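# Coordinate inspection notes
As a plain string of letters, each chain reads:
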Amino acid sequence: AVFFELRQLKSDQANNRTPRKTPMKETKDLLQQSSVDDLRQFILEYAKADRKFRHDFIQEFRDIGDSFIEAKTYAKNEIPYALSLSNDTRGFLDYNACQAFSSNLSPLLDKLEEYISLGKEEQVVAIAQALIEEVHVVMTDADDSAGQLGHVLDQGMETLRHIANSSPNEKLKADLFK
């Protein structure tokens, strides 16, 4: 009888609990309640304190320009920055640093895919060329035994191959084969 009462008491307590919000639900609710100025202030303070967040934020919202030169300059600046986020020491990249570098290049690869879908072929070629040129140099001093940097190079090459085979822009094709 005592066990029955304890079980019943526990069951009653469980039924009286208010359901907990999931972290995403709570986040959505807080975003709805926050003002735009509060959100801007939070982003500025958080970006000041966390350089990875700052980098991801800039990657997500920065416009890389409409010209080949602007896009290539953007990519050539982002790759060393992604490398600096991956490795605390100068020089050789160990296995884990290669994985981190590859992961830090993901936003740039996402930008590449986005620009392919938008038909911005000049920017796509510029980013792919910058990836190939810069990552190739990094690979000479890296333990890429997992093949992640090789995969980045392969994505750049496949992107250029795709543009060369499918682009109606003859000038762009000619520039690829110079």
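Since we're looking at a predicted model, the values are computed, not measured.

## Thoughts on a negative patch on the surface
A cluster of acidic residues, E60, D110, E113 and E114, forms a negative patch at the surface. A total of three residues in the negative patch trace back to one element, the largest contributor, which is helix α7 (residues 106-118). Along the chain, D110 falls in helix α7. A residue is classified by how much of its surface remains accessible, and D110, at 52% relative accessible area, is exposed.

## Comments concerning the side chain of K72
Checked against the element boundaries, K72 lands in helix α5 (residues 68-86). Residue classification places K72 among the buried residues on the basis of a relative accessible area of 17%. Within the local environment of K72, its side chain forms a polar contact with the side chain of E133, the two groups lying 3.0 Å apart.

## What about the packing of aromatic side chains?
Scanning the model with the defined rule gives four aromatic pairs in all. Judged by centre distance (4.8 Å) and plane angle (80°), the ring pair of Y46 and F53 falls under edge-to-face. The exposure class assigned to F53 is partly exposed, which follows from its relative accessible area of 24%. Taken together, a centroid distance of 4.9 Å and an interplanar angle of 50° make the contact between F57 and F61 tilted. One end of the pair, F57, and the other, F61, are both in helix α4 (residues 51-61), four residues apart, so they sit about a helical turn from each other. On the accessibility criterion, F57 (32% relative accessible area) is partly exposed. Among the residues examined, F61 registers a relative accessible area of 60% and is labelled exposed. In textbook terms, an aromatic cluster arises when at least three aromatic residues are bridged by ring pairs, as seen for F42, Y46, F53, F57 and F61. The lysine or arginine in question, K120, covers the ring of Y115, its NZ or CZ lying 4.8 Å from the ring centre.

Conventions we followed
- Residues numbered from 1 in each chain as written.
- Predicted model: local features only at pLDDT ≥ 70, side-chain atom pairs only at ≥ 80, totals over all residues.
- Heavy atoms only, no water.
- Patch = residues over 30% accessible without salt bridge, like charges linked within 9 Å, V, L, I, M, F, W, Y side chains within 5 Å.
- Areas by Shrake-Rupley, 256 points an atom, 1.4 Å probe, with all protein chains shown as cover.
- Salt bridge = Lys/Arg side-chain N within 4 Å of Asp/Glu carboxyl O.
- Lys, Arg positive; Asp, Glu negative; His and termini not counted.
- Charge placed at Lys NZ, Arg CZ, Asp CG, Glu CD.
- Helix = DSSP H or I, 4+ residues; strand = E, 2+ residues; numbered from the N terminus.
- Buried < 20%, exposed > 50% of the residue type's maximum accessible area, 1.4 Å probe, protein only.
- Polar contact = N/O pair within 3.5 Å; in protein donor to acceptor, adjacent residues only side chain to side chain.
- Phe/Tyr/Trp six-rings, centres within 6.5 Å; stacked < 30°, edge-to-face > 60°.
- Lys NZ or Arg CZ within 6 Å of the ring centre and 35° of its normal.

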